[in-house]
Amino acid sequence: MGTASSLVGASEVIEDTDGGGGEACEIPVEVKPKARLLRSSFRRAPRVIGASFKSTASVDLEYAAEYERLKKEYDIFRVSKNNEISSMQKRETKLDKENKRLRAELQALQKTYQKILREKESALEAKYQAMERAATFEHDRDKVKRQFKIFRETKEKEIQDLLRAKRELEAKLQRLQAQGIHVFDAADSDSDDNHTDVTATGTQCDYWSGGVLGSEPSMGSMMQLQHTFRGPEFAQSSIDVEGPFINVNRDDWDAAVASLLQVTPFLPRSLWSNTARCYLMNAADTQPQVDLFLQEYSPKLQTICENLGHFFLMVHFPVENAHQYLTERRWEIEKSSLCLAFLGAALPRSMEEDCEECFLKNSETKPLVIYHSLSETGGSSEELLRLIGKISDANHSKRAKIIEDDGNAEEGAKKVFAQIEKIIKQELLGWESSNLENKDSGFEDDSTNWEEEDFGDTIWDMHEEQGQLEAFQAACGTTSELGFDKYYERLNDLVSAPAPIPPLLVSGGPGSGKSLLLSKWIEHQHKASPSTLLLYHFAGRPLSSSSEPALIIKRLTVKLLQHSWSMSALTLDPSKLLEEFPRWLEKLSARHQGSIIIIIDSIDQIEQAERHMKWLIDPLPVNVRVIVSVNVETCPQAWRLWPTLHLDPLSPKDVIALITAECHQADVKLTREQVKRLEKHCRSATTCNALYVTLLAKMLTCVKGLGDVDVVVQQCFECQDTVSLYRLVLQSVQQALHTDGAKLLMQEILCLIYVSHNGVSEGELLQIYPELQWPTLSSLVRNLQSTCVLAQSCGLLNFQHLQALDAVRLQYMEKKGQDSVTVYREKLVQYFSHQMSQGRVTWRGVDELPWLFLQQGDKTKLHGCLLNLFVSQNLYKRGHFAELLSYWQYVGMDKNSMAAAYFESLKQYERSCEGEDMIVRLADLYETLGRFLKDLGLLSQAVAPLQRSLEIRESALDPDHPNVAQSLHQLASVYVQWKKFGNAEQLYKQALEISENAHGPVHPRVAQQLDALAMLYQKQNKYEQVESLRKRSMKIRQKMSKQKGSMHGFAVLRRRVLQLEELSLRAESADTAHTLNELGVLYYLQNNLDTAEMFLRRSLEMRERTVGREHPDCAQSLNNLAALHNERGEQEKAEELYERALEIRCRALAPDHPSVAYTVKHLALLYKKRGKLEQAAALCQLAVEIRQKSFGPKHPSVATALVNLAVLYCQLKKHTKALPLYERALKIYEDSLGRCHPRVGETLKNLALLSYEEANFEKAAELYKRAMDIKEAEVSVTGGKALSRHSSSGDALSLKNTAAVNPCLELAFR
């Protein structure tokens, strides 16, 4: 039997049936059935103790079978799952291996990538290093070339000197030996009776270089030997070409320009200032006319001046308080350009004083417009009628215009406006009367833009030149020279020292007088050496336009282009400008006869001066000298090795002399005790400074308004440096003001100037501060200028010295807080932004507004300002290319994105264009954009705007309009730079055809197109076409110079004429006759020959009456009249006058006087021209003798005279006399100028032609070949067509040769 345990389920409890309360226990089981089945069975039927065994066993069997089935299924399931797990494990193992393999490959690829990347970086670095080495090599190569050239020229000169000395010693030795004297001491050969100091290349005697007896070229354009033989040409024949100015050479024109430069600095300020100042006076009963004029017509005059880059100021002192400002009124009258008076029935005392001051008492009379209101109710006062009578009696030159009106305010204001407009345009702005009819107010016709005609593609900013001229004028106007004589000698030694020589460093402390020294020395050089070319630049305060390095290099380059007779297209890229400047300097030095001196003042104020002025460390050409001034404390270390001229502090003697002179001028007397105290005080390094002493003297001269002298002196003694003394000056000026409002305005004005870019004008101050009136402003500006705080340059108020700027910062700006700079800059931003919002884009707003945005760090506003197309156009056309690029770089845009932004802005502007005027301006904008992109090097992008400009002009104007030719010209220039010469040639020819049809065959625009086409052919090596085009261009320019004076600077000549006409109306005297002669010369320079003859005859007649018919002054007038008749082709009259002049000069002057030689030369030229060769030869022989006495037998000028005489002998068929003259001249040229000089080549040509005529063909060929070698060598140096250094012809004209001057005219400026 089985055990009972088989009938009991797992975990079941067996209860005690006896009810004895036995303890329940668990009975373990052997077989453990499925819990699910057991539980289910228990749920189906409750367990009953004592059930039948059979039923229980059957259930267990069923469960066992089910169990077995399930177990098999489970085993199968388990096996399958195990197989799956095994296969998955195998797969996992396989994937792990694949993953490891891929990871290994990835790591290998990463290593390869890093290796390639490193190799790429190494390659790029090697590329950049190679490029840098190449650039360095190229720079070093050019440097070595220049060094070798300088070394070669120097050594050649030394060798020539040694050979010349050797020949002289050998000749002397032979003479002594011939006399039977044995020479044992070589020192005895030092004495040479025939020794003559031979000047270096390009140097001349003082008066010889002044054009009195110029060293003219010995030969002109000589025909080649295979051409038809005409015999050697006369030495002066190089300028005997068709044109208005016969017998003109380069020397004489240089002398004329130099003389004009001596005159210009002494012109009144009103004639060269860019501010048209109208001083307004009025009586009380003419106030309606004044109000109407100021309200309606004054803005129109301002617009006219603004459009030409000038300021217009209407200075007006109210009649009710004008008597309180007598000093200020006289000061304003002195500065004013013209005066305007509104007279009524009565005449106020102040108005009578002003009228007498501005017209009757002033020798330099100004234009005066008088409006006289004729009232119907009553007549004018006796005082008024008496004043009008005085003005009418003194009005010989019609400078005073009297307008009488019946009292109608509107009609009176209109008449006054018409007269003022005419005076401003004709006399102040230099417009010709023929242009006034074609110009509306504020509109300038492009066809009369003389700047573009003269300068071509070169971009010129007249405001830069104006600022530099005024800086030079201000220094020259200072009477004190602070003991500069010893420094002048050192500077002169630098000029005369043999090359090569590094730049001279003029150093000194702040305010030591460096600028004054250089200005005074430049003035002395202008007088002592007119043939010397002086290029100067005065750098202003840091961050100003005058200290912008790119603008400085551009300005100096343009000045070089002017003097090198070539105004070719000038790149505006700063880096390229820096590279090209030394090349232009070398080209000009090779052509210019005489020294070239470059002076840069305050060069340490230039940002990164060492990088932008690195050309200074390169070897300079032989005849170039450079002088720079620096502050001792800020001088770059690399420059300290240069030769240095250090300005010492003032000596006690100079200190007292300076203070005494200032006090004497102001009628302030100092006691001996005070002088001793001042001398004792000014002994330290800071107190004996020139600027400090000047300020101290200014304070003493203002003592009348400040109190006791001892008190002022004691206050000054408490200031131990210049800045602290400037602060005392500011306090004193502020205390002298009468009202608190005026004192506050003084602070506001100084702070506004402090935060500005280039300064602030008086008109801008009046608009920014409406409460500011002219009496207060005039008094304030006058006091600040007299105390050396402010200076006026180019119409702007700025600080005169950097120490004044520091004093304003310490005295006002720092006291106002950290945000004071931002506040004042915001005032300027609001003013100029409002101005531009009204469509007034002036050069002032363009200079200030973008710079202010840059200083504020406002990129958004700066970007919007730059997208104002007229702002960018103004900056570009004035040459501020680097400044424009710096703004775009600050905004964060490269060239391509900048071009895209301009294109988009132009498209938007084009959509809003309506009317012909806007369409024309749109074409100008497109053209400017194209030129701008061309300068950036984006040639492919530059074509599109230029083509669009061409399309607009063809549709809006006319296909044959001159502006269409201008578009074609600009588009062709892009193709030239792009090396697409075929396209460029076609466009240039179209532009030439349009220009000829529009202007005629003789016009500057036609000459411009011919020059451009010639340059294109030169790039293609088509030299035959180049020669013909340039000859045609030259003839056009010569003819135009006779028809109309187009020389840049003729406006200055016209103003000088107006000034001299007043002086010529005085009583008869030698000075008045001299003025009349000068007037005749100036009218001749303007090609007004009839008027010139009138003044020259008046001068002659007056001189005959005042000094006598035999006086040399009469000979001068005769000489000038002869030159004028020679100009007209009236050679018989000219000959008679020349003979009279020569007769007088031979009797009155020494035989070797320059004036005698001058007349001899030109009379010989006239004889030669008239075929009187025998008489011409006699005079040329006399010229040789005069030059030998003046300069010695071995001077180049003697050689020139010998060549002239030899040429005449050749034409007389006296070859035996001509040959030794040629040979002697050749030897002199070779010894003094070198064997490769152009003069040597010209003489060799003459000798070759002489040998050819004598049938000595072998010698002729040899001489001609040598002459051609010299010419080719000169071409390689100058980089273009070889020109004689004295030839009056050239590839293009400039300031010095746009209108040549007849050398026969003697300027005789004093």
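How each quantity is defined
Residues numbered from 1 in each chain as written. Predicted model: local features only at pLDDT ≥ 70, side-chain atom pairs only at ≥ 80, totals over all residues. Heavy atoms only, no water. Helix = DSSP H or I, 4+ residues; strand = E, 2+ residues; numbered from the N terminus. Buried < 20%, exposed > 50% of the residue type's maximum accessible area, 1.4 Å probe, protein only. Contact = heavy atoms within 4.5 Å. Areas by Shrake-Rupley, 256 points an atom, 1.4 Å probe, with all protein chains shown as cover. Pairing = 2+ DSSP bridges. Axes fitted to C-alpha atoms, helices over the stretch in contact; angles between N-to-C directions. Parallel < 35°, antiparallel > 145°, perpendicular 65-115°, else oblique. Nonpolar A, V, L, I, M, F, W, Y, C, P; charged D, E, K, R; others polar. Phe/Tyr/Trp six-rings, centres within 6.5 Å; stacked < 30°, edge-to-face > 60°. Expected span 1.5 Å × (residues − 1). Core = buried A, V, L, I, M, F, W, Y, C linked by side-chain atoms within 4.5 Å. Right-handed = clockwise from strand over helix to strand, strands pointing away. Salt bridge = Lys/Arg side-chain N within 4 Å of Asp/Glu carboxyl O. Patch = residues over 30% accessible without salt bridge, like charges linked within 9 Å, V, L, I, M, F, W, Y side chains within 5 Å. Lys, Arg positive; Asp, Glu negative; His and termini not counted. Charge placed at Lys NZ, Arg CZ, Asp CG, Glu CD. pLDDT = per-residue confidence, 0-100.

Our next topic: the overall build of the chain. Of regular secondary structure, the chain possesses 50 helices and 12 strands. Burial analysis of the chain (1310 residues in total) assigns 52% to the buried set. If you take every contact in the chain between residues at least 6 apart in sequence, the share linking residues at least 24 apart comes to 73%. Entry remark: accessible area of the chain is about 61,400 Å², with carbon and sulfur atoms responsible for 52%.

Here we take up the environment of H463. Assignment of secondary structure puts H463 in helix α13 (residues 462–476). With 153 residues separating them along the chain, H463 and H310 place their C-alpha atoms 9.2 Å apart. Beyond its immediate sequence surroundings of up to four residues, H463 is in contact with N274, G309, C794, W843 and R878.

Let's shift gears to the sheet that holds strand β4 (residues 368–373). The strand order β2-β1-β3-β4-β5 describes an open sheet built from 5 strands, whose pairing is parallel. Across the chains shown, the open sheet's two edge strands, defined by having one partner strand only, are β2 (311–316) and β5 (400–405). Here the average twist between neighbouring strands, direction ignored, is 15 degrees. Pairing geometry for strand β3 (residues 338–343) and β4, over 5 bridges, is parallel. Looking at the pairing, F342 lines up with Y371 of β4. Its contacts with the sheet put helix α8 (residues 349–360) on β1 (275–282), β3, β4 and β5, and the angle it makes with β1 is roughly 145 degrees. Along the sheet, helix α26 (residues 774–786) makes contact with β1 and β2, crossing β2 at roughly 110 degrees.

Running from amino to carboxyl end, helix α31 (residues 869–877) crosses helix α33 (residues 895–911) at an angle of 125 degrees, the nearest separation of the two axes being 11 Å. In this view, α31 runs oblique relative to α33, as classed from their interaxial angle. Between α31 and α33, the residues in contact are L869, F870 and S872 and Y902, S905, L906 and Y909, respectively. Counted by class, the contact of α31 with α33 contains 5 nonpolar, 2 polar and no charged residues.

Contact geometry of α8 with helix α9 (residues 382–394) gives a least axis separation of 11 Å together with a crossing angle of 5 degrees. Our classification of the angle between α8 and α9 gives roughly parallel. Together, C355, E356, F359 and L360 of α8 and L387, K390, I391 and A394 of α9 make up the contact between the two elements. Its residues placed into classes, the contact of α8 with α9 shows 6 nonpolar, no polar and 2 charged.

Within a pair of aromatic rings, the relevant descriptors are the distance that separates the centres and the angle that separates the planes. Taken as a whole, this structure holds 22 aromatic pairs when the rule is applied. Here F342 and Y371 contribute two aromatic rings whose centre-to-centre distance is 5.4 Å and whose plane-to-plane angle is 55 degrees, an arrangement assigned as tilted. Here Y371 lies in strand β4 and F342 lies in strand β3, a separation of 29 residues in the sequence. Each member of the pair, F342 as well as Y371, carries the same accessibility label: buried.

With that settled, consider the pairing of strand β9 (residues 624–631). Burial within β9 is extensive, with 8 of its 8 residues counted as buried. Sheet analysis places strand β6 (residues 504–508) next to β9, joined by 5 bridges and oriented parallel. The partner of V506 across the bridge, within β9, is S629. Inspection of the sheet shows strand β8 (residues 596–601) paired to β9 by 5 bridges, in the parallel sense.

Between its first and last C-alpha atoms helix α48 (residues 1215–1233) spans 26 Å; for 19 residues at 1.5 Å apiece the expected length is 27 Å, and the two agree. All buried positions along α48 are accounted for by H1215, A1218, L1221, Y1222, A1225, L1226, I1228, Y1229, E1230, D1231, S1232 and L1233. Once α48 finishes, G1234 follows within two positions and takes phi at roughly 105 degrees, a positive value.

The next point concerns the nonpolar core. Counting 161 residues, the largest nonpolar core has L750, F799 and F932 as the members making the most contacts within it. In this structure, L750 is in contact with L730, L784, V789, L790, F799, V808 and Y812, ignoring residues within four places of it in sequence. Ranked by size, the runner-up nonpolar core spans 69 residues in total, among them Y1167, A1199, L1202 and L1250.

The side chains of a regular strand alternate, first on one face of the sheet and then on the other. Extensive coverage of β2 is indicated by the burial of 6 of its 6 residues. Side-chain alternation along β2 places F311, L313 and V315 on one buried face and F312, M314 and H316 on a second face that is also buried. As judged from the 6 bridges shared by β1 and β2, these two strands associate in the parallel manner. Residue pairing for β2: R277 is matched across the bridge by L313. Remark: the β1/helix α6 (residues 287–307)/β2 crossover connection has right-handed handedness.

Close approach of charged atoms allows side chains with opposite charge to pair. Counting across every chain of the model gives 45 salt bridges. Among the salt bridges present, the one from R69 reaches E73, with a minimum N-O distance of 2.7 Å. Residue R69 and its partner E73 are located together in helix α2 (residues 53–178), separated by 4 residues, close to a single helical turn. Exposure remark for R69: the relative accessible area of 38% places this residue in the partly exposed category.

A cluster of nonpolar residues, L124, Y128 and M131, forms a patch on the protein surface that exposes about 310 Å² of accessible area. Taking relative accessible area as the criterion, L124 reaches 34% and is therefore assigned partly exposed.

Another aspect to go through is the sheet that holds β8. The strands making up a sheet associate through hydrogen bonds between their backbones, and the pairing can be parallel or antiparallel. Strands sit in the order β7-β8-β9-β6-β10 across an open sheet of 5 strands; the sheet is parallel. The two strands at the open ends of the sheet, each matched to only one other strand, are β7 (533–538) and β10 (644–646). Sheet twist, expressed as the mean angle between neighbouring strand axes with direction ignored, is 15 degrees. Those strands touched by helix α15 (residues 514–528) are β6, β7, β8, β9 and β10, and its axis lies near 160 degrees from that of β8.

A few words now on unusual backbone geometry. Although it is not a glycine, L543 sits at a positive phi angle of roughly 75 degrees. For L543, the position within the fold is in the loop between β7 and α16 (549–563). In the Ramachandran plot, C794 falls in the positive-phi region, its phi being about 55 degrees despite a non-glycine side chain. Mapped onto the secondary structure, C794 falls in the loop between β11 (790–793) and β12 (796–799).

Attention now goes to the environment of G1234. Residue position: G1234 is located in the loop between α48 and α49 (1238–1253). On the accessibility criterion, G1234 (7% relative accessible area) is buried. Setting aside residues up to four positions removed in sequence, G1234 forms contacts with Q160, Y1229 and V1240.

Bringing a negative patch on the surface into the picture now. Side chains of E296, D406, E410 and E411 sit close together on the surface and give a patch of like negative charge. Within the secondary structure, E296 sits in helix α6.

The next point concerns the confidence of the model for the chain. For the chain, the mean per-residue pLDDT works out to 76, and 77% of the residues sit at or above 70. The least confident element of the chain, judged by mean pLDDT, is helix α3 (residues 208–212) at 30; the most confident is helix α25 (residues 762–768) at 94. Note that residues 1–27 has pLDDT below 50 and, in this model, 15 contacts with residues that lie over four places away or in other chains.

Assignment of secondary structure puts E1093 in helix α42 (residues 1089–1106). Residue E1093 is classed as buried on the basis of its relative accessible area of 16%. In this view, E1093 contacts L1121, L1124, H1125 and R1128; residues no more than four positions away in its chain are not counted.

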